[in-house]
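Structural overview for review
Okay, here's what each chain looks like letter by letter:
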Amino acid sequence: MVSLKILVLSQGLFGDRTAKTIAQKGPSTWEVKLVHVPRVDFEQALDEPETVHVEGLEECDLLLSLCEDPSSMLLLPTIAKRTKASSIIVAIDRPRWSPGLGLEGQVKEELRRENITCVFARPLCTLEPVGDRYIDEFTKYFGKPEVEIEVDKGKVVSATVKRSAPCGSTYYVAEKIVGIETKELIVKAGLLLHYYPCLASMEYDPILGDTPLHIAGLILKKAVSKALREAIRKQKLLKT
């Protein structure tokens, strides 16, 4: 396993819970530290980001931004410089977290000039490998959900998480689908995501053309559907 030092930038429940999941479920070779970023005035973040004090910053490989204040995105180049981060993942699980694609592009370009890879995941559970060493290491375990199930006599008898949504919802769903009849599996898996509850927003995101919560639900149901098809295929092979 590859060692990875991650600083999780948070401003509330979403970030705190996601950081806890990554620390608990990620490899033992990872070091995960939670840092709370203060909410700042947009003009200060734009014109004087270096004047914003963020307590607890230290050197890391990867920054995972789960900040809820749109001004925080403007602090990323300064935070990356202070921490010597090589890669950044920015979660956009609520439309209001981002000032818009224009500013995202500017921040990404500024970071690129410093040889820092930055990706925006809308929502975070859409994250997939991008060809970056640290981001791709992270996505081996967290990002777009992937599960493996076994079925017998029309029911799920086991479920294993191969890659979880960073919020931890995939582990919850995998635990709860055991014993469910396969004909009801996809619908119930989608409902379980809401019971967790999924932290993605129900607000319409014009960039997605949908709500982040609906996107998250579709992604999970596709992962479970794929796992079910594979489980049925394996079962048929065993019987031949």
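Note that residues are indexed from 1 along each chain, following the sequence as it is written. Confidence filtering applies because this is a predicted model: local features only for residues at pLDDT of at least 70, side-chain atom pairs given and counted only at 80 or more, and all residues used for totals across whole chains, interfaces and linings. Remark: hydrogens and water are excluded; side-chain values derive from all non-hydrogen atoms of the structure.

In this analysis an axis means a line fitted to C-alpha atoms, helices contributing only their contacting stretch, and an angle means the value between N-to-C directions, from 0 to 180 degrees. Helix and strand definitions here come from DSSP, where helices need a minimum of 4 consecutive H or I residues and strands a minimum of 2 consecutive E residues; each element is numbered from the N-terminal end. Between helix 7 (residues 185-195) and helix 8 (residues 212-239), the least distance of the axes is 9 Å, while the angle of their chain directions is 140 degrees. When the interaxial angle is binned, helix 7 and helix 8 end up oblique. The chirality of how helix 7 crosses helix 8 is right-handed. Contacts from Leu-185, Ile-186, Ala-189, Gly-190, Leu-193 and His-194 in helix 7 reach Leu-213, Ala-216, Gly-217, Leu-220, Lys-221, Val-224, Ser-225 and Leu-228 in helix 8. The residue makeup of the contact of helix 7 with helix 8, split by class, is nine nonpolar, four polar and one charged. Roughly parallel means an angle under 35 degrees; roughly antiparallel means over 145; roughly perpendicular covers 65 to 115; every other angle is labelled oblique. Note on convention: the crossing is left-handed when the near helix lies turned anticlockwise from the far helix by less than a right angle, right-handed when the turn is clockwise. Contact definition: two residues touch when any of their heavy atoms are within 4.5 Å. Gly is put with the polar residues, along with every residue not named as nonpolar or charged; the nonpolar set is Ala, Val, Leu, Ile, Met, Phe, Trp, Tyr, Cys and Pro, and the charged set is Asp, Glu, Lys and Arg.

With that out of the way, let us pick up helix 8. A helix's residues, less one, multiplied by 1.5 Å, set its expected span. End to end, helix 8 covers 41 Å across 28 residues, agreeing with the expected 40 Å (1.5 Å per residue, within 8%). Buried residues of helix 8: Pro-212, Leu-213, Ile-215, Ala-216, Gly-217, Ile-219, Leu-220, Ala-223, Val-224, Ala-227, Leu-228 and Ala-231, and no others. Its buried side turned inward, helix 8 meets strand 6 (146-152), helix 6 (169-176) and helix 7. Burial here depends on accessible area, computed with a 1.4 Å probe over protein chains only, as a share of the maximum for the residue type. Under 20% is buried, over 50% is exposed, and the range in between is partly exposed.

All right, on to the pattern of salt bridges then. Any Lys or Arg side-chain nitrogen found within 4 Å of a carboxyl oxygen on Asp or Glu counts as a salt bridge. Applying the stated criterion to the full structure yields 17 salt bridges. Across the pair Arg-39 and Glu-68 runs a salt bridge, and its minimum N-O distance is 3.4 Å. Taken together, the residues span a long stretch of sequence, with Arg-39 in the loop between strand 2 (30-36) and helix 2 (42-47) and Glu-68 in the loop between strand 3 (62-66) and helix 3 (76-83) at a distance of 29 residues. On the basis of relative accessibility, which here comes to 52%, the residue Arg-39 falls in the exposed class. Notably, a salt bridge pairs Glu-146 with Arg-163, separated by 3.7 Å at the nearest N-O pair. Residue Glu-146 is located in strand 6, and its partner Arg-163 is located in strand 7 (residues 155-163); the two are separated by 17 residues in the primary sequence. Counted as one network, the salt bridges with shared partners bring together Glu-146, Glu-148, Lys-162 and Arg-163.

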